[in-house]
Amino acid sequence: MRDPEVRFLRGRICVSVDRSHDTSVMITTTSTELLRGESHIDGIAVSPRGRIALATSNLTGDLWDGSVVLVEGGSVETTIHTAAGNADVEWLGADTLVAGDDVGNLSVWVLEGNVSSTGQAPEVALELCGHLDPVSCVAGNSATNRVASASADCTVRVWTVVQGSSASHMLEHAPAATSWRGCAVHSVGWLPDAEGLATCAADGVLRLWDLRASQPLVGCSSAFDAPLLSLATTASPQLVVGCEAGRLILIDQRKLESPVVCTQAHDGAACCLRLAPPQADASALIASASEDGTCLLVDPRDLQTVARVPGHTDYVRCAGTIAPRTTPVLLPQPHSPHPSPPIR
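The rules behind these values
Residues numbered from 1 in each chain as written. Predicted model: local features only at pLDDT ≥ 70, side-chain atom pairs only at ≥ 80, totals over all residues. Heavy atoms only, no water. Pairing = 2+ DSSP bridges. Helix = DSSP H or I, 4+ residues; strand = E, 2+ residues; numbered from the N terminus. Axes fitted to C-alpha atoms, helices over the stretch in contact; angles between N-to-C directions. Buried < 20%, exposed > 50% of the residue type's maximum accessible area, 1.4 Å probe, protein only. Polar contact = N/O pair within 3.5 Å; in protein donor to acceptor, adjacent residues only side chain to side chain. Lys, Arg positive; Asp, Glu negative; His and termini not counted. Salt bridge = Lys/Arg side-chain N within 4 Å of Asp/Glu carboxyl O. Contact = heavy atoms within 4.5 Å.

## Thoughts on the sheet that holds strand 17 (residues 185-190)
The strand order across the open sheet formed by four strands is 17-18-19-20, and the pairing between neighbours is antiparallel. Two strands lie at the open edges of the sheet, namely strand 17 and strand 20 (217-220), each paired on one side alone. With strand direction ignored, the average angle separating the axes of adjacent strands in the sheet is 20°.

Given below as structure tokens:
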């Protein structure tokens, strides 16, 4: 087994997980928690105070069950077992956690304080039901206490996270006329104004939505030649999407028909993009995870690779970033066939 490591770039730690049985989760400045087992880790989210949640699925018999694992301070805080596998997870503020599962439901937990001190797994505070197929992505908007969920049922639903809530919007995706792939929605992200959404679907189309409009679909790109799997929105009018063919595409919302930059970043599907907000001494970066076993940090302005995160042994399904709060202590580094740029 390779030694796990924590990598630093411009004052950030890259947090990434893969689907192999010796999955290493790079999380803190001083220690690394090693998770082992049969679980597939399909989603990761980092709270504003550095608490990490992992969404997992596990094949047991004829059914997928799963868990949500909470990690804090370099160790597992608690494991919440779920009846269905979990595809994604998202923090809504510091203490509210939302997970989307393979049945099509969202589960919400309120996790105040150290939940491990009670000796019991937290109870589900709220369940949001409505999707007809598995949830593929969950995106939270803490400012409005809303969450958007994308699904294989070709819809995105927007929920206000309160008891008894039903979806306030259901955004239906009709496949592009030139596509034979259907229109399962793979990714959703909030735009900076908190009333707009961007979505990526299997038909290769990026769509923009305005929740204030009577006809919320306000823009569509032309269909790319591969399904779009992931996206990352930024504070600017530009956003980045990743496709099944491993390309990253920089798109200006005002000119959807003409990509700004397109680069072949990976040899496998670009299945997750996660924005690392700018720090005092550095601009924003995007972590890009791929089924080719790589996790890259790229500059969202030109999609140039700034660094590689080595050490993964299987598909990298998700990635996140966390800002260190203490002096970094680097752990032993595994050999990587891809030399990384200097870590600063």
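So, next bit.
## Quick look at the pairing of strand 23 (residues 247-252)
Looking down a regular strand, the side chains alternate between one sheet face and the other. Extensive coverage of strand 23 is indicated by the burial of six of its six residues. Judged by which residues are buried, strand 23 turns out to be covered on both faces: Arg-247, Ile-249 and Ile-251 on one side and Leu-248, Leu-250 and Asp-252 on the other are all buried. Pairing of strand 22 (residues 238-243) with strand 23 involves five bridges; the strand directions are antiparallel. Residue pairing in the sheet places Val-240 in a bridge with Leu-250 of strand 23. In sequence, strand 22 turns back onto strand 23 through a hairpin of three residues, with Gly-246 there showing a positive phi of about 90°. Judged from the four bridges that link them, strand 23 and strand 24 (residues 261-264) form a sheet pairing that is antiparallel. Looking across to strand 24, one finds that Leu-250 is bridged to Val-261.

## Some thoughts on the environment of Glu-77
With respect to the element layout, Glu-77 can be found in strand 8 (residues 75-82). A sequence separation of 26 residues divides Glu-77 from Arg-51, and the C-alpha atoms of the two residues are 9.4 Å apart. Looking at Glu-77, its side chain comes within polar contact range of the side chain of Arg-51, at 2.7 Å.

## Comments concerning the side chain of Glu-90
Mapped onto the elements, Glu-90 comes out in strand 9 (residues 86-92). The buried charged residue Glu-90 lacks any salt bridge partner; its closest oppositely charged side chain belongs to Arg-274, at an N-O distance of 5.1 Å. Those residues in contact with Glu-90, other than ones at most four positions away along the chain, are Ala-45, Thr-96, Leu-97, Val-98, Val-138, Ala-139 and Gly-140.

## Describing the sheet that holds strand 9
Within the open sheet, the four strands sit side by side as 9-10-11-12. Their pairing is antiparallel. The sheet is open, and its two edges are formed by strand 9 and strand 12 (126-128), each paired on a single side. Neighbour-to-neighbour, the strand axes of the sheet open up by a mean angle of 20°, direction not taken into account. When strand 10 (residues 96-101) meets strand 11 (residues 106-110), the two strands line up antiparallel, connected through five bridges. Along strand 11, the bridge assignment pairs Ala-99 with Ser-107.

## A closer look at the pattern of salt bridges
Within the structure shown, the criterion is met by twelve salt bridges. Notably, a salt bridge pairs Glu-77 with Arg-51, separated by 2.7 Å at the nearest N-O pair. Taken together, the residues span a long stretch of sequence, with Glu-77 in strand 8 and Arg-51 in the loop between strand 5 (40-46) and strand 6 (52-60) at a distance of 26 residues. There is no split in this pair, since Glu-77 and Arg-51 are both buried. Several salt bridges share partner residues, and in doing so they unite Arg-49, Arg-51, Glu-72 and Glu-77 into one network.

## Some thoughts on unusual backbone geometry
Although it is not a glycine, Ala-194 adopts a positive phi angle of roughly 65°. Considering the arrangement of structural elements, one finds Ala-194 in the loop between strand 17 and strand 18 (196-201). One non-glycine residue, Leu-303, lies in positive phi territory at about 65°. Here Leu-303 falls in the buried class, since its relative accessible area comes to 3%.

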